[in-house]
Structures are given as structure tokens and as C-alpha cells.
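The lines below spell out each chain.
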Amino acid sequence: MNDTRKSVEDLAILEQFGLDQNHSGQAGRAKGFKTMVADGNQQEALYTPGYQNREGTWVGVSAQAIAPSA
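Residues numbered from 1 in each chain as written. Predicted model: local features only at pLDDT ≥ 70, side-chain atom pairs only at ≥ 80, totals over all residues. Heavy atoms only, no water.

Visitor: Outline the overall build of the protein chain, listing residues and values.
Guide: Assigned secondary structure in the protein chain consists of 1 helix and 4 strands. Listed by position from the N terminus, the elements making up the protein chain come as α-β-β-β-β. When burial is assessed residue by residue, the protein chain has 13% of its 70 residues classed as buried. Taking contacts inside the protein chain between residues at least 6 apart in sequence as the whole, the part at least 24 apart equals 23%. A total accessible area of about 5,500 Å² is found for the protein chain, and carbon and sulfur atoms account for 51% of it. (Helix = DSSP H or I, 4+ residues; strand = E, 2+ residues; numbered from the N terminus. Buried < 20%, exposed > 50% of the residue type's maximum accessible area, 1.4 Å probe, protein only. Contact = heavy atoms within 4.5 Å. Areas by Shrake-Rupley, 256 points an atom, 1.4 Å probe, with all protein chains shown as cover.)

Pasting the structure below:
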């Protein structure tokens, strides 16, 4: 498979990961969009996942949640 075709396929996979994550968050299934603060209140958070291609398979390798007002 040539590099251009592989790059297009990889981009499509990563785009779908992002769409799936957004859908989960909007449906209330992704806990990453909410974070617990010390006093027990929930607040909105920004969530950024990280993916890596390992031997042809995309895997989740990191995640970061940031509470903008914290």
C-alpha cells in the first residue's frame, strides 16, 4: 500500500475516533467531559485523547481533561 493511501486511511480512522468521542460526550456517556472537583461539584472539562499507530493498529495511549475555570 502506498504512503498516500495509508495516510488517507489513517486520517479517516482518526476522524472517526473524534466523531465517536464527540457523540459519546453529547450523549452523556463520556465521563471525560465532566470532572469532579474537590468539593464534589461537577463542572465541564475539555477532553483530549491521544492515539498512536502500533504495528498497523490504532490504540488509545493518553487522555487529558482540563477544567477551564479551575
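Visitor: Would you mind going over unusual backbone geometry in detail, with residue names and values included?
Guide: Located in the positive-phi region is E55, a residue other than glycine, with phi close to 55°. If you trace the backbone, E55 turns up in the loop between β3 (46-54) and β4 (57-66).

Visitor: For the confidence of the model for the protein chain, give the residues involved together with the corresponding values.
Guide: Mean pLDDT over the protein chain: 75, with 67% of residues reaching 70 or higher. By mean pLDDT, the top-scoring element of the protein chain is β4 (86), and the lowest-scoring one is strand β1 (residues 34-36) (49). (pLDDT = per-residue confidence, 0-100.)

Visitor: How would you explain the pattern of salt bridges if you had to name every residue and give the values?
Guide: Considering all chains together, one arrives at 2 salt bridges under this definition. A salt bridge links E9 to R5; the nearest nitrogen and oxygen atoms lie 3.3 Å apart. Of the two residues, E9 and R5 both sit in helix α1 (residues 3-26), 4 residues apart, roughly one turn of that helix. We classify E9 as partly exposed; its relative accessible area is 29%. Here D10 ties to K6 by a salt bridge, and the two come within 3.5 Å at their closest N and O atoms. Residue D10 and its partner K6 are located together in helix α1, separated by 4 residues, close to a single helical turn. Taking relative accessible area as the criterion, D10 reaches 15% and is therefore assigned buried. (Salt bridge = Lys/Arg side-chain N within 4 Å of Asp/Glu carboxyl O.)

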